[in-house]
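Structure at a glance
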Amino acid sequence: MTNRYWRLDARPQGNDFAKALSLVEAELGEPQNGEIVIDNRMLSMDAGTRMWMTDRTDGYQPPLELGVPMSGLVIGPVIASRADGFAAGDWVRAFGTWSDYSIVDATLSGAMMLDTSVSDMRDHFGPLGMNGWTALWGLEKTGATKAGDKVLVSAAAGATGLLACQIAQLLGGEAYGIAGGETKCAILERDYGVTKAFDYRAGDMTEKLAAIDGGIDVYFDNIGGEILEAVLANMALYGRVAVCGLIAEYANGRRGCPANFDQVLMKRLRIEGFFSPDFMQHGDELTARLRQWVDAGELSLPYDVTLGLANTLTAYEKLFTGGNIGKVIVELSK
Ligand SMILES: NC(=O)c1ccc[n+]([C@@H]2O[C@H](COP(=O)([O-])OP(=O)(O)OC[C@H]3O[C@@H](n4cnc5c(N)ncnc54)[C@H](OP(=O)(O)O)[C@@H]3O)[C@@H](O)[C@H]2O)c1
């Protein structure tokens, strides 16, 4: 059987993904011991994967080698299995490849059996998947969010951010957002209960964030960069910064160090990073809690869907140009 896959040929410059990746064809091959073959039906587009395309060796995982298929989360049915606990017909989510089919080691890829009774299988990427786990873990464990906290979320209209805005409120906090453009800010305030959303593309952020009366108790940071400085200037005493992502810096390799780092001492702040593989083992508990909110209609995510493997790069680029609201997915028609 033939398999098409996106191959990483070179390290992308900026958002020029078309120059760095190409869609190629190869024989699919056979699964080895411990492996499963997934008929990819959906690909998850995740901003963190941009770092895997770079050559930095001090990230939280090694860079991808050139010439290999691009990795990413996939959902689909198993069509062949040589791994215990998985059989043809099971629907799974795993770290696979941007391809028609993924052959993966069931353990190393974190393959997880999916509940097909959910009303929208895409939710296994969003609220019930890595974005949901990350938002809940980051707010509750890293950010120590408690009732009454003022919680500011950046990249607030994206997948992880939009979930964080809603979960902050479900944990009893008051949500504030940072997003690019008036439209996204209006949607956050109108549809997702965000008290105030700030457009980082217009005006001085340090001045704008001063409108948060009493300061920010928890900052769920998806961006890093200059916006972090504006936030530090407006944190409340004993505030917490949960560092989820640094999307402003993935492509340019810049090392951001806030010029006003002194605020950490002056305001007795705690800054802590967190990374989803560290809490994968809590996935079932996190999913169960998130599922209750989803089933009650209290937690949801819009999907930005691109059709066809050939159009994957167009979908991926949206993460870095702000072209998306909610979760970016590629659906593969079979
Ligand atoms: N720690 C973890 O385990 C973990 C797990 C999942 C995700 N994350 C992180 O969560 C963040 C969001 O990822 P996602 O996959 O959910 O993507 P996403 O939020 O759906 O999309 C990324 C969004 O970031 C914003 N953005 C892009 N470049 C920016 C820049 N230079 N400055 C400010 N905003 C920018 C864009 O919205 P605007 O229109 O607002 O610019 C874009 O829509 C990333 O930093 C990712 O690494 C971390």
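Residues numbered from 1 in each chain as written. Predicted model: local features only at pLDDT ≥ 70, side-chain atom pairs only at ≥ 80, totals over all residues. Heavy atoms only, no water.

Observations regarding the site of the ligand
Our working rule: Definition of nearness: a residue and a molecule or strand are near each other if at least one heavy atom of the residue lies within 4 Å of the molecule or strand. Any pair of N or O atoms that falls within 3.5 Å is considered a polar contact. Within protein, one atom must be able to donate a hydrogen and the other to accept it, and sequence-neighbouring residues count only if both atoms are side-chain atoms. In these tables, accessible area is a Shrake-Rupley quantity obtained with a 1.4 Å probe, and a residue counts as shielded only by the protein chains included in the view. Numbered from the N terminus, helices here are DSSP runs of H or I no shorter than four residues, and strands are runs of E no shorter than two. Any residue outside Ala, Val, Leu, Ile, Met, Phe, Trp, Tyr, Cys, Pro, Asp, Glu, Lys and Arg is labelled polar, Gly included; the first ten of those are nonpolar and the last four are charged.
Around the ligand, 30 residues are found, and the nearest of them are Thr160, Lys184, Tyr200, Tyr250 and Asn324. In the model, an oxygen atom of the ligand is placed 2.7 Å from a nitrogen or oxygen of the Thr160 side chain. Interatomic distance of 2.7 Å between a backbone N/O atom of Ser276 and an oxygen atom of the ligand. Compared with its free state, where it exposes 910 Å², the ligand has 92% of that area covered by protein. Going through the elements one at a time, α3 (130-142), α4 (159-170) and α10 (312-321) are the ones with two or more residues in the shell around the ligand. In the shell around the ligand, the residues fall into 15 nonpolar, twelve polar and three charged.

Some thoughts on the domain arrangement of the protein chain
Test applied: Each domain's extent was defined by an automatic or database domain assignment. Contacts are assigned to residue pairs with any non-hydrogen atoms lying within 4.5 Å of each other. When two parts are put together, the accessible area they lose, computed with a 1.4 Å probe and summed over both, is reported as buried area. We count a salt bridge whenever a side-chain nitrogen from Lys or Arg sits within 4 Å of a carboxyl oxygen from Asp or Glu.
Assigned domains within the protein chain: domain 1 (2-125 + 301-331) and domain 2 (130-277). Here domain 1 and domain 2 have C-alpha centroids that lie 28 Å from each other. Taken together, the 26 residues of domain 1 in the interface contact 17 residues of domain 2. Area buried by domain 1 at its contact with domain 2 is led by Tyr60, Leu301 and Ile325, which between them contribute 28% of it. Linking domain 1 with domain 2 are zero salt bridges.

Quick notes on the side chain of Asn324
Within the secondary structure, Asn324 is located in the loop between α10 and β16 (327-331). Excluding anything up to four places from it in sequence, Asn324 contacts Ala157, Gly158, Lys184, Asp304, Lys318 and Leu319.

Quick notes on α3
Residues lying three or four places apart along an α-helix face the same way, a consequence of the helix completing one turn every 3.6 residues. This is how the line gets drawn: The buried label applies to any residue whose accessible area, calculated with a 1.4 Å probe on protein chains only, is under 20% of its type's maximum; exposed applies above 50%, and partly exposed to all values in between.
The buried fraction of α3 is high, at eleven of 13 residues. What α3 keeps buried is the set Met130, Asn131, Gly132, Trp133, Thr134, Ala135, Leu136, Trp137, Gly138, Leu139 and Thr142. Note on α3: the residue one or two positions beyond its end, Ala144, has a positive phi of about 50°.

Describing the sheet that holds strand β9 (residues 150-154)
Counted only if it meets this: A pair of strands is treated as paired once DSSP finds two or more bridges between them. In this analysis, axes come from line fits to C-alpha atoms, helices being fitted only over the stretch in contact, and the angle between any two N-to-C directions falls in the range 0 to 180 degrees.
One open sheet holds the six strands; their spatial order is β11-β10-β9-β12-β13-β14, and the pairing between them is parallel. Only two strands of the sheet have a single neighbouring strand rather than two, namely β11 (196-199) and β14 (270-273). The mean inter-strand angle of the sheet, taken between neighbouring strand axes irrespective of direction, is 15°. One ladder, built from five bridges, connects strand β12 (residues 216-221) with strand β13 (residues 235-243); its direction is parallel. Of the residues in β13, the one forming a bridge with Phe220 is Ala242. Sheet strands in contact with α4 are β9, β10 (174-179) and β12, and its direction is about 170° off that of β9. The sheet strands contacting helix α5 (residues 182-191) are β10 and β11, and the helix crosses β11 at an angle near 170°.

What about the environment of Met112?
Here Met112 lies in strand β8 (residues 112-113). Discounting residues that sit within four places of it in the chain, Met112 has contacts with Trp91, Val92, Arg93, Trp133 and Asp284.

A word on the packing of α3 against α4
Note the following rule: Each angle is binned into one of four classes, with values under 35 degrees roughly parallel, values over 145 roughly antiparallel, values of 65 to 115 roughly perpendicular, and all other values oblique. Take the far helix as the reference: if the near one is turned anticlockwise from it by less than a right angle, the crossing is left-handed, and if turned clockwise, right-handed.
Close contact between α3 and α4 brings their axes to 8 Å; oriented N to C, the two are set at 50°. Relative to α4, the element α3 lies oblique. In this structure, α3 meets α4 at a crossing whose hand is right-handed. Touching Asn131, Gly132, Thr134, Ala135, Leu136 and Leu139 of α3 are Ala159, Thr160, Leu163, Ala164, Ile167 and Ala168, all from α4. Of the residues in the contact of α3 with α4, the class split is eight nonpolar, four polar and no charged.

Things to note about the pairing of β12
Most of β12 sits out of view: six of its six residues are buried. The pairing of β9 with β12 spans three bridges and is classified as parallel. If you follow Val153 over to β12, its bridge partner there is Phe220.

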